[in-house]
Amino acid sequence: MREIVLDTETTGFDPESGDRIVEIGAVELWNHVATGETYHVYINPERSMPDEAFGVHGIGPDLLENPRPPENGEVTLKDKPVFAKVGQGFRDFVGDAKLVIHNASFDMKFLNAELRWMGASLIPMDQAIDTLAIARKRFPGSPASLDALCRRFGIDNSNRVLHGALLDSEILAEVYLELIGGRQPDFGLSATTTAMAGGGEEWRPTARANALPPRITEDERAAHHEFVEKLGDNALWTRA
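Notes on the structure in this doc start here. In this convention, every chain numbers its residues from 1, walking through the sequence in written order. Under the rules for a predicted model, residues below a pLDDT of 70 receive no local features and side-chain atom pairs below 80 are neither given nor counted, while totals for whole chains, interfaces and linings still include all residues. To get the side-chain values, all heavy atoms of the structure are used, and hydrogens and water are removed first.

**Section: the overall build of the chain**
Then step 1. The helix and strand labels rest on DSSP assignments: H or I over at least four residues marks a helix, E over at least two residues marks a strand, and numbering proceeds from the N terminus. Within the chain, the regular secondary structure consists of seven helices and five strands.
Then step 2. In the chain, the succession of α and β elements from N to C terminus is β-β-β-α-α-β-α-β-α-α-α-α.
Then step 3. For the chain, with 240 residues in total, the buried portion stands at 42%.
Then step 4. Contacts are assigned to residue pairs that have any heavy atoms within 4.5 Å of one another. Counting only contacts in the chain whose residues sit at least 6 apart along the sequence, the fraction spanning at least 24 positions is 61%.
Then step 5. Here the chain displays about 14000 Å² of accessible surface, and carbon together with sulfur accounts for 52% of that area. For each residue, the accessible area found with a 1.4 Å probe, counting protein chains only, is set against the maximum for its type, and the residue is called buried under 20%, exposed over 50%, and partly exposed in between. Accessible areas in this description were obtained via Shrake-Rupley with a 1.4 Å probe; residue shielding takes into account the shown protein chains only.

**A short note on the packing of aromatic side chains**
Then step 1. Whether two aromatic rings pair depends on their centres lying within 6.5 Å, for rings of Phe, Tyr and Trp, where Trp uses its six-membered ring; planes under 30 degrees apart make the pair stacked, over 60 edge-to-face, and the rest tilted. Applying the stated rule across the entire model yields five aromatic pairs.
Then step 2. Taking 6.5 Å as the distance between ring centres and 70 degrees as the angle between the ring planes, the aromatic pair formed by phenylalanine 13 and phenylalanine 106 counts as edge-to-face. With phenylalanine 13 in the loop between strand 1 (2-10) and strand 2 (21-30) and phenylalanine 106 in helix 3 (residues 104-117), the pair connects residues that are 93 residues apart, well separated along the chain.
Then step 3. One aromatic cluster is present, built from ring pairs that chain together Phe13, Phe106 and Phe110.

**Things to note about the environment of leucine 122**
Then step 1. Assignment of secondary structure puts leucine 122 in the loop between helix 3 and strand 5 (128-130).
Then step 2. The sequence separation of leucine 122 and arginine 91 amounts to 31 residues, and the corresponding C-alpha distance is 8.7 Å.
Then step 3. The residues touching leucine 122, leaving out its near neighbours within four places in the chain, are Arg91, Asn112, Leu115 and Arg116.

**Quick notes on the pattern of salt bridges**
Then step 1. Should a side-chain nitrogen of Lys or Arg be within 4 Å of a carboxyl oxygen of Asp or Glu, the pair is scored as a salt bridge. Taken as a whole and judged by the stated rule, the model has six salt bridges.
Then step 2. Ionic pairing is found between arginine 20 and glutamate 46, a salt bridge with its closest N-O pair at 4.0 Å. Taken together, the residues span a long stretch of sequence, with arginine 20 in the loop between strand 1 and strand 2 and glutamate 46 in the loop between strand 3 (33-42) and helix 1 (51-57) at a distance of 26 residues.
Then step 3. Residue glutamate 46 is classed as exposed on the basis of its relative accessible area of 57%.
Then step 4. Each of the salt bridges in this network shares a partner with another, and the network as a whole consists of Arg20, Glu46 and Glu114.

Laid out in structure tokens, this is it:
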């Protein structure tokens, strides 16, 4: 099962009023596991960047009404391709995979508006999985923004100072897996591959060449040891 976790940044809220996409970021999942394949592009919107949108994502200071040089890692757009130059490549990358999007109706209306203007095939709305709707159903009455869900699930989003499509899609991939209740259906434990309908082989994650270093600190290790000692000889951690 191939899924694409996707996010866009735009100049505003309504493509029919002249707003355009300025960034697309996407992460590929196979059976709920990130494959390492990503899609990322900045896009020249061929219009000015409103101050409100610039304040959200920091993209395109040279297209503001009062241009200034970019600073602090901000991205300029004058030398980026227009959507018509990258739209078909994006459409090919997506294919018929399910699109995992937070507030899917917003991104889908922009993507399909841009695809329609260039004469490309549109993406059916039922191809999208809306994580905002999933979160509101699972946690009714609770905040369901991406930042709020990161706090709920303990996902590190400290690098998310400004919105960025690729970073947000990477974070959303982690949130999505938590929302659906876990990782890939069989946890990728099978060492074999199975044939797919198209004649290829089903992708399976492989073991890392080098194990990741432990993330527990010495203070945390000491605190855990002290906690286990208080539980006595019958603690599970003391059993062989």
